[in-house]
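# Fold and contact review
What follows is each chain in one-letter form.
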Amino acid sequence: MLNHAKKTTLTTPTSLSMWYVHGKPINQTPTFRSRRQRARRMAEVQIESQTTDPRKAMGGASSKPGDSHGFMQAVRLPSATPVPVPAPSPFKFEMSAEAAEHNTAVLETFDNDLGKAIDGSPGTHISYGSEVRPPTQLCPLLGHHPSWQELQDDLLYGIAYPFETTITEEDRKAMLEENLARGNHKSAVKEEDRHHVTKLMNLDVDHGYAIPLTVEGVRKLKDAEVYPVGLQNQMTIDEDGNSIPKKRVTHDLSHNKASGNSVNQRVDSSDLPTAIYGHAMRRVLHLIHHIRRHNPGKRILCNKFDIDKAYRRLHTRASTAAKCIAVWFLDDMWKERSDENSVGLVMTRLPFGAGPAPPKFCIVSETVFDLGADLLSCELWEPTESPSPYASLLPAPTRLDKSIPFGTAEEADFSLDEDCRGGVDGYIDDGITVVLDSEDNKAMVARAAQAVVMAIFLIFRPLAAGLEAIFRPDVASIRKMKAEGGLHELVTFLGWFIDTRRLLIALPREKWKAWTSDINSCLEPRRISCQQLKTLVGRLNHVCFIIPDALHFMNNIRSAMYRAVSSNSYVYLDKETKEDLRLWLEFLDEAKEGISINRLVFRKPTLHNFSDASEWGIGGHSPHTGIAWRYRFSEGQHLKFTLNCKEYIDRVVNSVIQSRFDTTDCPFPCYLDWSDSTSAVGWLRKSNFDTDEQPVHNAVARYHARHMMGLKARNYSQHMLGRDNVVTDCLSRDFHLSDAQLITMLTSIDDSLSPDMLKIVQVPDDLISWISKLERFAPDRLESPKAPTPSALAAGLSGWSSSSGSNTTMTPSWTDSAAPAAYASAVRPRWKHPRRNARDVLEKAAAR
């Protein structure tokens, strides 16, 4: 959790900049893991006649930070350098029994070792890195990138999964036979869907991504493991931008979970680079917000590009590929599966379903997007003089009508360079460019149109039409480029629709329609399957990204899912869960209409709230509104609510009361709640309470979430030391003092806190009724009542009873050098141990 009381500094990803900003020294020593690999590498790229030193390769260009000329030389080098076209391999890539038998025979000549077969076929399309430019061309351009060494290793030797554990040869063979006998998942072999799987499997073979073998050849292959495939329903777009359904085959490399021997379970995830979808989206939203904040009333244009068949562009190492084998039918006869009518497909590229696939591909994609950001920032690059090969395919920029109002960016609590007018970001195969559209930024707009596709061209091997040894689709998705490659104020990125004009993010209508239908299906009086609940929870979690408070309404739905998972069967949904699903229909409607980006970026708080709780009462205060309040629990509430629960109730009641007195003219308020309870601080952000064991906590979380969503507010919470929370500590404890006495006591300890700035109001009837309702369903606690304890400050004034206040003059003091306005609730006397020394200090002050 970021400390929102301080300025938050955001940095763009490694984008600014690999070459002419970072200027880091390069480690040019290649890491060869064996003599065989060294020999193969020498043969493939002829290292003896080429250099990998970027300065020599570019004729001695400088690599100092800010060297735009050196960067442009590095850009021109691969553009002007031809790339060898891979030769045919000894394998046949056809979905036929003849090809499977041929390939099995080829492997037998290499002792059934795929690694030996690949090493014995250098310079072919099965060679590692055949989809990208040679490292000798890439090093001058990418050598300063922090991921270059790992990227280079993956291109030279193939991607190896970092296995934490290994299985015995006996266990491997037993698991192989078990999975061969089991077959594929039901989603792949259903009569209405299996032809989709056949089509997609054929494409993998036709493109050279999978090597067909006989089933017997699979058994003989070194390190071979077989896993089932399934079929997923997805959405994509056509050339006109219309949403169309899409099928995707997934390889279930998590199968065999019970034994713990699956590929994904054996991988050491801590040894993988971090790849988190939400970070990319947040960076893009913060960039858009920043540009609008510093350029109100100006257009912001975006375009999006997709790396086609992204995972299939990277080779896995032979030992890893052997562990990722699928089995499918040879024809459409669909007879009972047998070795004769089946074929094993060795997936030599990254499969969909491998845990390491997203982070490993992100090493490549983030390098592409970082290079795109450098191109966008480099004023020496003139796209008209050095255009991308895709330039003629890009749609012209389009802009919304002038009548559509511009959304306002509220004050933020993060910082980017004030002159930042654009950027490039992305996640896995989706890249996005964001740029300010203004008269004085036309040159950057021109670069933004081509930056990402130019980066794709510079890194991946260009398509050699008519010369490829096997059919190879273009790396950049031409279909999506025609639909989304033009600069526009509207863009769909990572499944969300972004409107930069109105500063909104929304759930696309086709998703809203499908997910609403899923919920309505669950509301029908029938049992719900485990898989249906898993899918629904995943989709609703997706919505929680733009409506964070909706997380508080996931508990019942998750509980139903866990029941279904534990019993591996169908479940009935109870009344409370169905009520939550009906509420989720409202959330989906709100997400479809759009949520302001102001509610998702790190904001500067518009209202600071302080609160505290004791065993017998709660109280709160805000220096911005000047409003304070206090509430004394009944004996039943005192016994039923735990102290942490009272702290939680206190935060929510304070937030509601202060919002009703908030005069800030902000359509999207931002509240920062200060508390000395770490539990309550965490619960305000997220809750996963058990609805049976913690019904009060769950009810408080839901009430707070509804309140925040009703205000369209952003809510932060921050911990503070209890000794600094003086005002609210008194409010929650000193019920033996009248309101006037309490105000006099508090205002007398600091000149900046005058009676005019502190007004104690009564807790509204609706909140008192709500607290009473919480008491009714709170579980009983076998504890004796505790005696009320006054605050440390009031303990020193125990003899004071005058309603007009004490005549004693107390010496005020602040705990640090912070301005009183920033910590108006953190007023306390100068003593270190207030409870022990309060009376002594007050007496000395009176004597002076």
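Residues numbered from 1 in each chain as written. Predicted model: local features only at pLDDT ≥ 70, side-chain atom pairs only at ≥ 80, totals over all residues. Heavy atoms only, no water.

## Notes on the overall build of the protein chain
When helices and strands are counted, the protein chain shows 31 helices and 20 strands. Classification of the 848 residues of the protein chain by burial places 55% in the buried group. Counting only contacts in the protein chain whose residues sit at least 6 apart along the sequence, the fraction spanning at least 24 positions is 80%. Of the roughly 36600 Å² that the protein chain leaves accessible, carbon and sulfur atoms contribute 50%. (Helix = DSSP H or I, 4+ residues; strand = E, 2+ residues; numbered from the N terminus. Buried < 20%, exposed > 50% of the residue type's maximum accessible area, 1.4 Å probe, protein only. Contact = heavy atoms within 4.5 Å. Areas by Shrake-Rupley, 256 points an atom, 1.4 Å probe, with all protein chains shown as cover.)

## Quick word on the nonpolar core
Judged by nonpolar contacts, the single largest core of 136 residues is most densely connected at Leu375 and Trp584. Of all the elements, helix α17 (residues 442-459) adds the most residues to this core, at twelve residues. The contact partners of Leu375, leaving out residues within four places of it in the chain, are Phe71, Val75, Trp381, Arg447, Ala451, Met454, Ala455 and Leu458. Core analysis: the second largest hydrophobic core is formed by 41 residues, Leu213, Val218, Ala318 and Val346 among them. (Core = buried A, V, L, I, M, F, W, Y, C linked by side-chain atoms within 4.5 Å.)

## Structural notes on the sheet that holds strand β14 (residues 595-596)
The four strands are arranged β11-β12-β13-β14 in an open sheet whose pairing can be described as antiparallel. Edge positions in the open sheet fall to β11 (490-493) and β14, since each of these has one partner strand only. Sheet topology note: the β11/strand β12 (residues 496-499) ladder contains four bridges and is antiparallel. Bridging across to β12, Thr492 finds its partner in Phe497. On the sheet, helix α22 (residues 575-593) packs against β13 (504-506) and β14 and is oriented at approximately 130° with respect to β13. (Pairing = 2+ DSSP bridges. Axes fitted to C-alpha atoms, helices over the stretch in contact; angles between N-to-C directions.)

## Here we look at the packing of aromatic side chains
Taken as a whole and judged by the stated rule, the model has 13 aromatic pairs. A centroid spacing of 5.2 Å and a plane angle of 50° characterise the contact between Tyr648 and Trp683, whose relative ring orientation is tilted. You can see Tyr648 sitting in helix α24 (residues 643-660) and its partner Trp683 sitting in helix α25 (residues 678-685), a full 35 residues away along the chain. For Tyr648, a relative accessible area of 0% puts it in the buried group. On the accessibility criterion, Trp683 (17% relative accessible area) is buried. One aromatic cluster is present, formed by Tyr311, Phe352 and Phe361 through successive ring pairs. (Phe/Tyr/Trp six-rings, centres within 6.5 Å; stacked < 30°, edge-to-face > 60°.)

## Here we look at the side chain of Arg603
Relative to the helices and strands, Arg603 resides in the loop between β14 and β15 (607-613). Among buried Asp, Glu, Lys and Arg side chains, Arg603 stands out as unpaired, with Glu410 the closest opposite charge at 4.9 Å. A distance of 3.4 Å separates a polar atom in the side chain of Arg603 from the backbone oxygen of Glu411. Aside from chain neighbours lying at most four places away, what touches Arg603 is Glu410, Glu411, Ala412, Asp413, Asn598, Cys666, Phe668, Pro669, Cys670 and Tyr716. (Lys, Arg positive; Asp, Glu negative; His and termini not counted. Salt bridge = Lys/Arg side-chain N within 4 Å of Asp/Glu carboxyl O. Polar contact = N/O pair within 3.5 Å; in protein donor to acceptor, adjacent residues only side chain to side chain.)

## Quick notes on the sheet that holds strand β9 (residues 422-427)
Strand order in the open sheet formed by three strands is β5-β10-β9, with antiparallel pairing between adjacent strands. Of all the strands in the sheet, the pair left with one neighbour each is β5 (299-306) and β9. Ignoring strand direction, the axes of neighbouring strands in this sheet form an average angle of 20°. Those strands touched by helix α16 (residues 357-377) are β9 and β10 (430-437), and its axis lies near 165° from that of β9. Lying over the sheet, α17 contacts β5, β9 and β10, oriented at roughly 175° with respect to β10.

## Observations regarding the packing of helix α8 (residues 148-157) against α16
The contact between α8 and α16 brings their axes to 10 Å, and the two run at 120°. Considered as vectors, α8 and α16 are oriented oblique to each other. Crossing of α8 over α16 shows left-handed handedness. From α8, Glu150, Leu151 and Asp154 reach across to α16, where they touch Lys360, Ile363, Val364 and Thr367. For the contact of α8 with α16, the class distribution of residues is three nonpolar, one polar and three charged. (Parallel < 35°, antiparallel > 145°, perpendicular 65-115°, else oblique. Left-handed = near helix turned anticlockwise from the far one by under 90°. Nonpolar A, V, L, I, M, F, W, Y, C, P; charged D, E, K, R; others polar.)

## Side note on the environment of Ser269
Summarising the element assignment, Ser269 is placed in the loop between α13 (263-266) and α14 (277-294). Residues Ser269 and Pro162 lie 107 residues apart in sequence; the distance between their C-alpha atoms is 7.7 Å.

## Some words on a negative patch on the surface
Negative charge collects at one region of the surface, where Asp574, Glu576, Asp690, Asp692 and Glu693 lie side by side. If you trace the backbone, Asp574 turns up in the loop between α21 (555-567) and α22. (Patch = residues over 30% accessible without salt bridge, like charges linked within 9 Å, V, L, I, M, F, W, Y side chains within 5 Å. Charge placed at Lys NZ, Arg CZ, Asp CG, Glu CD.)

## Description of the environment of Pro273
Residue position: Pro273 is located in the loop between α13 and α14. Residues Pro273 and Pro359, 86 residues apart in the sequence, show an inter-C-alpha distance of 5.6 Å. Those residues in contact with Pro273 that sit more than four places away from it in its chain are Glu150, Pro359 and Ile363.

## Remarks on the confidence of the model for the protein chain
A low pLDDT means the predicted coordinates there should not be read in detail. Taken over all residues, the pLDDT of the protein chain has a mean of 83, while the share at 70 or more is 83%. Residue range residues 1-63 is modelled with pLDDT below 50. Its contacts to residues more than four positions away, or to other chains, number 138 contacts. (pLDDT = per-residue confidence, 0-100.)

## Overview of the environment of Glu775
By the element assignment, Glu775 lies in helix α29 (residues 765-776). Separated by 138 residues in the primary sequence, Glu775 and Gln637 have C-alpha atoms spaced 5.9 Å apart. If we skip the residues at most four places from it in the chain, Glu775 touches Ser634, Gly636, Gln637, Lys640 and Phe641.

## Thoughts on the pairing of β11
Burial along β11 is one-sided: the residues Val491 and Phe493 are buried and none of Leu490 and Thr492 is. Once β11 ends, the chain turns through two residues before running back antiparallel as β12, passing Leu494 with a positive phi of about 50°.

## A few points about unusual backbone geometry
Although it is not a glycine, Asn112 adopts a positive phi angle of roughly 55°. With respect to the element layout, Asn112 can be found in the loop between α5 (97-108) and α6 (114-119). Residue class for Asn112 comes out buried when judged on its relative accessible area of 16%.

## Structural notes on the pattern of salt bridges
Applying the stated criterion to the full structure yields 43 salt bridges. Among the ionic pairs, Asp193 bridges to Lys247, the shortest N-O distance being 3.7 Å. Placement of the pair is Asp193 in the loop between α10 (186-189) and α11 (194-206) and Lys247 in strand β4 (residues 243-251), with a sequence separation of 54 residues. Shared partners join several salt bridges into a network, and the residues in it are Glu131, Arg313, Arg349, Arg461, Glu468 and Arg472.

## Points about α21
In a regular helix each residue adds 1.5 Å, so 13 residues correspond to 18 Å; α21 covers 18 Å between its end C-alpha atoms and thus fits that length. Where α21 is concerned, the buried positions are Asn555, Asn556, Ile557, Arg558, Ala560, Met561 and Ala564. Buried residues belonging to α21 abut α20 (530-543), α22 and α26 (695-711). Backbone geometry just after α21 places Asn568 at a positive phi near 50°. (Expected span 1.5 Å × (residues − 1).)

## Describing the packing of α24 against α25
For the pair α24 and α25, the least separation of the axes is 9 Å and the interaxial angle reads 50°. In terms of their interaxial angle, α24 and α25 are classed as oblique. Between α24 and α25 lies a crossing whose hand is right-handed. Residues Asn644, Glu647, Tyr648, Arg651 and Val652 of α24 touch α25, and the partners they reach there are Ser679, Ala680, Trp683 and Leu684. Within the contact of α24 with α25, the residues separate by chemical class into five nonpolar, two polar and two charged.

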